[in-house]
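Spelled out, the chains give:
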Amino acid sequence: MPSVETLRQILSTVPFPGFSRDIVSTGSVTKIDVEGDVVTVSLQADGSDDETRRRLAEAVRQALAGQEGVSEVKVRFAAAGPVRLPVAGQAAEPTPAPPKGPQAKNIIGVASGKGGVGKSTVAVNLAVTLARQGRRVAFLDADVHGPSAPLMFGLEGSRPERADEQGRPLPLEAFGVKIMSMGFFVERGNAVIWRGPIVGNFIRQLLTDVAWGELDDLIIDFPPGTGDAQLTISQTIRMTGAVVVTTPNDLALIDALKAIAMFRKVEIPVLGIVENMSFFVCPGCGEKHEIFGRGGADRAVKDEQIPLLGRVPIDPQVVLESDKGRPVVIDRPEAPAALAYGKIARAVVDAAEVPETGKGGLGRFLERFGGK
C-alpha cells in the first residue's frame, strides 16, 4: 500500500491544466485518503470550468493508476473556498490579515538581465542620493549568493546586534540608509550554498521579519537574471516598480529586455531604464568615447515604451570608492557620475508617482485560481 507522502510526491509532477505549475504547489490537492488499494484524492479548483476539472481529474487518475498497490483512483472536488496563491502586497490567508513587510511609500527594485553592468553600484548610489534629499530610505540586498552591500556601504564585518521590542532585528545604517543583507550573516569568502526554496524563505524573512520602520523608499538590489529572488519578492509584497540597468552594448540590452519582460509578466511596473557606463570623457583632451557602443538604451526606450531615467558616465574612481565603502555621491558629489545619479533619483521618484500599468500575466493566472 503506497504512503500518502509517496502519492503526494507523484502528484507534484502533475501540472494544472494549461499551466506549468503543479497541482500540489498551487494548493489544488487538499487531501489524499488510502483505504487498501483504493486512493481518493480531494481537489479544490473553484473558478475553473467543467472542462478544466475533467482534465484535472483525468490527469490525477493517470498519474496514480499505474502505481503498485493501487487498483482504483477516485477524484472528488472539495466545496471549500477558492485556492489563493500569495499576491504581491497581500497575505495568502482567506481572511483579512494585517499588512506585513516594510511600510514604505515606494518599494523599488533595481535589476539587470545579466551581471557586470554595475547594477549594485547604481542601486547603492540611488539609495544614498534619495537619503541625501531628506527621504527615509532603506536598502535590501536581495542577492543572497553574491551580496555586495556590506562592502559598498563600508559595513564589512558588521552584524545586526540590536532588536526592537518585538525581537525583530534592526537594520544597520550608513549614509542615512537602513541596510540589510546576507553579507551581514556570513564571513567574507564563505559561499552560501542554498537551493531556491531556502533562498526564497530567507528573502521573505528579510522583508517581513526585519524592523524597517516607516519609510519613504525601500530600494531592493536584485541579483542578476530572472530567478527565485525576483519571484519571491513579487509574490510577497506589492512593489511600486522596477528600474532596469544596462550598458549600451547589444548583449546587455538583450538580457535587459528579458528582465523587463519578466517584471511585466508578474505585473511589476517598469519605471524606466538606466544606461550605466554610457561613455568616457578623456580627462586630458575632453573627448567623449563610447567604449561599450551606443544606442542600446535608446532602442529599449523606443521598443518597450519605457522612460530613459538617465545615463551614467564611466568613472574609474567610482570602482575604487566602492571598494572602500564610499559611494561617489558622498565622496565627490560634484563629479559627473554623482550628478547623473541625482537626476536619476529625481526621475525615479517622479516615475513612481505615475507608474506604468501592468500588462497581465500573473494577475490572470491568479484570477483563474480564484485569487485577486
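Presented here is an overview of the structure given in this document. Values in this document were obtained by computation on a predicted structure and should not be read as measured data.

### Observations concerning the packing of helix 1 (residues 4-11) against helix 2 (residues 50-65)
Reasoning step 1: As a packed pair, helix 1 and helix 2 sit with axes 10 Å apart at the nearest point and diverge in direction by 125 degrees. Between helix 1 and helix 2, the crossing angle belongs to the class labelled oblique. Crossing hand, helix 1 versus helix 2: right-handed. Contacts between helix 1 and helix 2 pair L7, I10 and L11 from the former with V60, A63 and L64 from the latter.
Reasoning step 2: The residue makeup of the contact of helix 1 with helix 2, split by class, is 6 nonpolar, no polar and no charged.

### Thoughts on the sheet that holds strand 3 (residues 72-77)
Reasoning step 1: The 3 strands are arranged 1-2-3 in an open sheet whose pairing can be described as mixed. Whereas interior strands pair on both sides, the edge strands pair on one side only; in this sheet they are strand 1 (29-35) and strand 3. Within this sheet the neighbouring strands show an average axis-to-axis angle of 15 degrees, counted without direction.
Reasoning step 2: Summarising the sheet, strand 2 (residues 38-43) and strand 3 pair through 6 bridges and their orientation is parallel. Bridge pairing in strand 3 links V41 to V75.
Reasoning step 3: Running at roughly 135 degrees to strand 1, helix 1 makes contact with strand 1 and strand 2 of the sheet.
Reasoning step 4: Each of strand 2 and strand 3 touches helix 2; the most contacted strand, strand 3, lies at about 150 degrees to it.

### Quick word on the sheet that holds strand 4 (residues 103-111)
Reasoning step 1: Taken in spatial order, the 8 strands make up an open sheet running 6-7-5-8-4-9-10-13, and their pairing is mixed. Among the strands making up the open sheet, the edge pair consists of strand 6 (172-174) and strand 13 (308-311). With direction set aside, neighbouring strand axes in the sheet form an average angle of 25 degrees.
Reasoning step 2: The pairing of strand 4 with strand 9 (residues 241-246) spans 4 bridges and is parallel.

### Structural notes on the environment of A229
Reasoning step 1: Here A229 lies in helix 6 (residues 228-234).
Reasoning step 2: Residue A229 is classed as buried on the basis of its relative accessible area, which comes to 4%.
Reasoning step 3: Residues A229 and D143, spaced 86 residues apart in sequence, show a C-alpha to C-alpha distance of 7.6 Å.
Reasoning step 4: Apart from residues lying up to four places away in sequence, A229 is in contact with A142, I203, F222 and P223.

### Regarding the pairing of strand 5 (residues 137-141)
Reasoning step 1: Burial within strand 5 is extensive, with 5 of its 5 residues counted as buried.
Reasoning step 2: The side-chain alternation of strand 5 yields two buried faces, one formed by V137, F139 and D141 and the other by A138 and L140.
Reasoning step 3: The pairing of strand 5 with strand 7 (residues 177-181) spans 5 bridges and is parallel. Counterpart to L140 in the pairing with strand 7 is M180.

### Digging into unusual backbone geometry
Reasoning step 1: The phi dihedral of F175 is positive, around 55 degrees, even though this residue is not glycine.
Reasoning step 2: Within the element layout of this structure, F175 appears in the loop between strand 6 and strand 7.
Reasoning step 3: Of note in the backbone geometry, M277 takes a positive phi value of approximately 50 degrees without being a glycine.
Reasoning step 4: Secondary-structure assignment places M277 in the loop between strand 10 (270-275) and strand 11 (280-281).
Reasoning step 5: For M277, a relative accessible area of 22% corresponds to the partly exposed category.

### Description of the packing of aromatic side chains
Ring pairs (aromatic) are described by centroid distance and by the angle formed between their planes.
Reasoning step 1: This model, assessed by the stated rule, comprises 3 aromatic pairs.
Reasoning step 2: Ring geometry for F139 versus F153: centroids 5.1 Å apart, planes at 70 degrees, classification edge-to-face. Of the two residues, F139 is situated in strand 5 and F153 in the loop between helix 4 (149-152) and strand 6; the sequence distance between them amounts to 14 residues. Here F139 and F153 have matching classes, each one buried.

What counts and what doesn't
Residues numbered from 1 in each chain as written. Predicted model: local features only at pLDDT ≥ 70, side-chain atom pairs only at ≥ 80, totals over all residues. Heavy atoms only, no water. Axes fitted to C-alpha atoms, helices over the stretch in contact; angles between N-to-C directions. Helix = DSSP H or I, 4+ residues; strand = E, 2+ residues; numbered from the N terminus. Parallel < 35°, antiparallel > 145°, perpendicular 65-115°, else oblique. Left-handed = near helix turned anticlockwise from the far one by under 90°. Contact = heavy atoms within 4.5 Å. Nonpolar A, V, L, I, M, F, W, Y, C, P; charged D, E, K, R; others polar. Pairing = 2+ DSSP bridges. Buried < 20%, exposed > 50% of the residue type's maximum accessible area, 1.4 Å probe, protein only. Phe/Tyr/Trp six-rings, centres within 6.5 Å; stacked < 30°, edge-to-face > 60°.

Distances and angles like these do not, on their own, reveal function.
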